[in-house]
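# Observations on the model geometry
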Amino acid sequence: MLSTYRPLFAIPGATRFLAASALSRVGGAMFGVAIIVMIATRRDSYGLAGAISAGGIVVLALAGPIIGRLVDKRGQRRASMPFVLMTFVAGLLTVALSATGAPAWTLFVGYAVSAFLPEMGPMSRARWAHLLQDEPDALHAAMSLEQVVEEGAFVLGPVLGVLAATALFPEAGLLLAYIVFTLGAVLFLLERRSEPPVVPHDERPHGLAIGRPGVAAVGAALFMVGAVFGGNEVVAVAVADEAGRTGMSSVILGAFALGSALAAIVFGTRKFTGSIARRFVWCALAMFVLEFPVLFIDDLWGLTAMMFVAGSATAPTLITGITLVQHLVPRAFITEGMAVAITGLLVGLASGTALSGILVDRWGAHETYALPVAAALSSALIAAAWGRRIGRATRA
């Protein structure tokens, strides 16, 4: 494993931009839980907190491809820095509005504006794609390393957000999130040596990344993967709460994240041949097969063990899906294309979270595991249905 990953850190500037993007992604992972804790504590309304959080996710999903396209046209630093600074100011305003008891609609607006931010994941992956464009095995390892960073951020971020909000004051978690995200993003953008060059305007193809054959299909499949994540998060909390052991929810989700992170590390050391589109289908199918047994396990520790196993298929699915997008779009669309994929994932996560909450009330906690299981199967079916067409696009 060391022989696979060590050469990546020897690339000039790689350690700096990866560390900075990791810091920024930790801040980004804090936003969702921090806004919910802040609003629920100050306004005593989880409904209002969920609505404001959902509004932010919708804006983030819309902003991703738009900013990604600007990044491809103008460069990462030039296109992203104004948005980073704008969202930081809007974030500080949102914190102040909450602390002073401003009307609820002002929180909707402030948080929505602060969510119009660039996504570090696609930009960081675009740097690897540029640096390792002639080394497919090394690029595969780099994409796996990126997924490990994502998993770590989504484990560490929410913990820090809740800790700050509960130990200091309700707005502390969100304030820390904006500071950490902005600091990491600025450090990332100031590392210029690894920034991909901009394709000249007269050499850019026409159209949008999502219009390229197969890109929408990958985005739809990753939407279902996001629904798996969102469903698992809500159901884990509900199952643990129903058993009177609320703290076990973090153990169950931590096991899922740990399984995914370890799988990403191992997956990056493997060398693959053949169709990436076919590999994507098999990874998505494995995600369904490994998630399915949770329907029949009621014991919390048994669920923890099973979710660790289920998590081992999610990272390979995401890595393969995002790598596939890189083959489906021209180099001039690479950040926009990956932003489309990540947007599908985020919208799916938000949808899975919202729908699973409704189903828990109607069906019961454990029965709602049917949602992430069905989403995993849907992801595999979408990938399989479009597999041949995607495969032709990657060979074109």
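Thresholds applied
The numbering scheme is per chain: residues are counted from 1 as the chain's sequence reads. Since the coordinates come from a predicted model, pLDDT governs what is reported: local features require at least 70, and pairs of side-chain atoms require 80 or more to be given and counted, while whole-chain, interface and lining totals use all residues. The side-chain values count all of the structure's non-hydrogen atoms but skip hydrogen atoms and water molecules. Segments assigned H or I by DSSP are reported as helices when at least four residues long, segments assigned E as strands when at least two residues long, and all are numbered from the N terminus. In this description the radius of gyration comes from C-alpha coordinates, and the expected globular size is given by 2.2 Å times residues to the power 0.38. Exposure is judged per residue with a 1.4 Å probe applied to protein chains only, and the accessible area is read against the type maximum: over 50% gives exposed, under 20% gives buried, and values in between give partly exposed. Two residues form a contact once any of their heavy atoms are found within 4.5 Å. Each patch is built from residues that are more than 30% exposed by relative accessible area and take part in no salt bridge. Like charges join if they lie within 9 Å; nonpolar side chains (Val, Leu, Ile, Met, Phe, Trp, Tyr) join within 5 Å. Here the accessible surface of atoms and residues is derived via Shrake-Rupley with a 1.4 Å probe, and residues count as covered only by protein chains that are part of the display. One speaks of a salt bridge when a side-chain nitrogen belonging to Lys or Arg is within 4 Å of a carboxyl oxygen belonging to Asp or Glu. Every axis in this analysis is a line fitted to C-alpha atoms, fitted for helices over the stretch in contact. Angles between the N-to-C directions lie between 0 and 180 degrees. Angles below 35 degrees are treated as roughly parallel, those above 145 as roughly antiparallel, those between 65 and 115 as roughly perpendicular, and all remaining angles as oblique. Note on convention: near helix rotated counterclockwise from far helix by under a right angle means a left-handed crossing. Clockwise means right-handed. As used here, the term nonpolar core means buried Ala, Val, Leu, Ile, Met, Phe, Trp, Tyr and Cys residues forming a set that is joined through side-chain atoms within 4.5 Å. Here a polar contact is recorded for every N or O atom pair within 3.5 Å, except that within protein the pair must consist of a potential hydrogen donor and a potential acceptor, and residues adjacent in sequence are included only if both atoms are side-chain atoms. Positive charges come from Lys and Arg, negative ones from Asp and Glu, while His and the chain ends are left out of the count. For the purpose of locating charges, the reference atoms are NZ of Lys, CZ of Arg, CG of Asp and CD of Glu. What pLDDT reports is the predictor's confidence in each residue, on a scale of 0 through 100. Note on aromatic contacts: the rings of Phe and Tyr and the six-membered ring of Trp form a pair at centre separations within 6.5 Å, being stacked when their planes are under 30 degrees apart, edge-to-face when over 60 apart, and tilted otherwise. Our definition puts a charge over a ring when NZ of Lys or CZ of Arg is within 6 Å of the ring centre and also within 35 degrees of the ring normal. Expected span, for any helix, means 1.5 Å times one less than how many residues it has.

## Examining the overall build of the protein
Across its full length, the protein holds 16 helices and 0 strands. In summary, the protein has a C-alpha radius of gyration of 20 Å against a globular reference of 21 Å for 396 residues, a match within 12%. Taken over 396 residues, the protein has a buried fraction of 55%. Long-range pairs, those at least 24 residues apart, make up 83% of the contacts in the protein with a sequence separation of at least 6.

## A word on a nonpolar patch on the surface
There is a patch of nonpolar side chains on the surface, built from Met 86, Trp 105, Phe 108, Val 109 and Val 113 and spanning about 460 Å² of accessible area. As for its placement among the helices and strands, Trp 105 is situated in helix H5 (residues 104-114).

## A look at the pattern of salt bridges
Scanning all chains against the criterion turns up 7 salt bridges. For the salt bridge of Arg 25 with Glu 146, the shortest nitrogen-to-oxygen distance reads 2.8 Å. A residue pair is termed long-range when its members are at least 10 positions apart, and Arg 25 in helix H2 (residues 14-43) and Glu 146 in helix H7 (residues 136-167) qualify at 121 residues. In this pair, the class of Arg 25 matches that of Glu 146, namely buried. Put simply, Arg 193 and Glu 191 hold a salt bridge, and the shortest N to O gap is 3.1 Å. Given a relative accessible area of 52%, Arg 193 falls into the exposed group. The exposure class of Glu 191 is buried, given its relative accessible area of 7%. What emerges from the salt-bridge pattern is a single network uniting Arg 25, Arg 125, Glu 146 and Glu 150.

## Looking at the packing of helix H11 (residues 276-291) against helix H13 (residues 314-328)
Viewed as axis vectors pointing N to C, H11 and H13 meet at an angle of 155°, and their least axial separation amounts to 9 Å. Regarding the angle of H11 to H13, the classification is roughly antiparallel. By crossing handedness, the relation of H11 to H13 is classed as left-handed. Contacts between H11 and H13 pair Ile 276, Ala 277, Arg 279, Phe 280, Cys 283, Ala 284 and Met 287 from the former with Thr 314, Pro 316, Thr 317, Thr 320, Gly 321, Thr 323, Leu 324 and His 327 from the latter.

## Some thoughts on the nonpolar core
Counting residues in hydrophobic clusters, the biggest one holds 54 residues, and the most contacted among them are Leu 8, Phe 31, Ile 39, Trp 128, Leu 132 and Leu 174. The element best represented in this core is H2, accounting for 11 residues. Not counting the four nearest positions on each side in its chain, Ile 39 is found in contact with Asp 44, Ser 45, Leu 48, Ala 49, Ile 52 and Leu 107. Grouped together as the second largest cluster of nonpolar side chains are 49 residues, Leu 222, Val 235, Met 287 and Met 306 included.

## Side note on the side chain of Thr 320
Note on placement: Thr 320 falls in helix H13. Owing to a relative accessible area of 1%, Thr 320 belongs among the buried residues under this scheme. For Thr 320, the side chain forms a polar contact with the main-chain oxygen of Pro 316, separated by 2.7 Å.

## What about a negative patch on the surface?
Taken together, the side chains of Asp 241, Glu 242, Asp 298, Asp 299 and Glu 367 define an acidic patch exposed on the protein surface. Position of Glu 367 among the secondary structure elements: in the loop between helix H14 (334-363) and helix H15 (370-385).

## Quick look at the confidence of the model for the protein
With 95% of its residues at a pLDDT of 70 or more, the protein has an overall mean of 84. When pLDDT is averaged over each helix and strand of the protein, the minimum, 55, is found for helix H16 (residues 387-395) and the maximum, 93, for helix H8 (residues 172-190).

## A word on the packing of aromatic side chains
Considering all chains together, one arrives at 8 aromatic pairs under this definition. An aromatic cluster is defined as three or more aromatic residues linked by ring pairs; in this entry it consists of Phe 17, Trp 128 and Phe 188. The ring of Phe 17 is capped by Arg 127, whose NZ or CZ atom sits 5.6 Å from the centre of that ring. Its end group placed over the ring of Phe 188, Arg 127 keeps NZ or CZ at 4.1 Å from the ring centre.

## Re H11
The terminal C-alpha atoms of H11 lie 23 Å apart, and with 16 residues this matches the ideal 22 Å at 1.5 Å per residue to within 8%. Buried residues of H11: Ile 276, Ala 277, Arg 279, Phe 280, Val 281, Cys 283, Ala 284, Met 287, Phe 288 and Glu 291, and no others.

## So, the environment of Leu 117
Within the fold, Leu 117 resides in the loop between H5 and helix H6 (120-131). Sequence separation between Leu 117 and Ser 80 is 37 residues; the distance between their C-alpha atoms is 8.0 Å. Look past the residues within four positions of Leu 117 in its chain and what remains in contact with it is Phe 31, Leu 60, Ala 63, Ile 67, Thr 87 and Phe 181.

## Focus: the environment of Phe 308
One can find Phe 308 in helix H12 (residues 300-311). Judged by relative accessible area, Phe 308 falls into the partly exposed class, the value being 33%. C-alpha separation for the pair Phe 308 and Leu 258, spaced 50 residues apart in sequence, amounts to 6.8 Å. When neighbours within four sequence positions are excluded, Phe 308 is seen to be in contact with Ala 255, Phe 256, Leu 258, Gly 259 and Leu 262.

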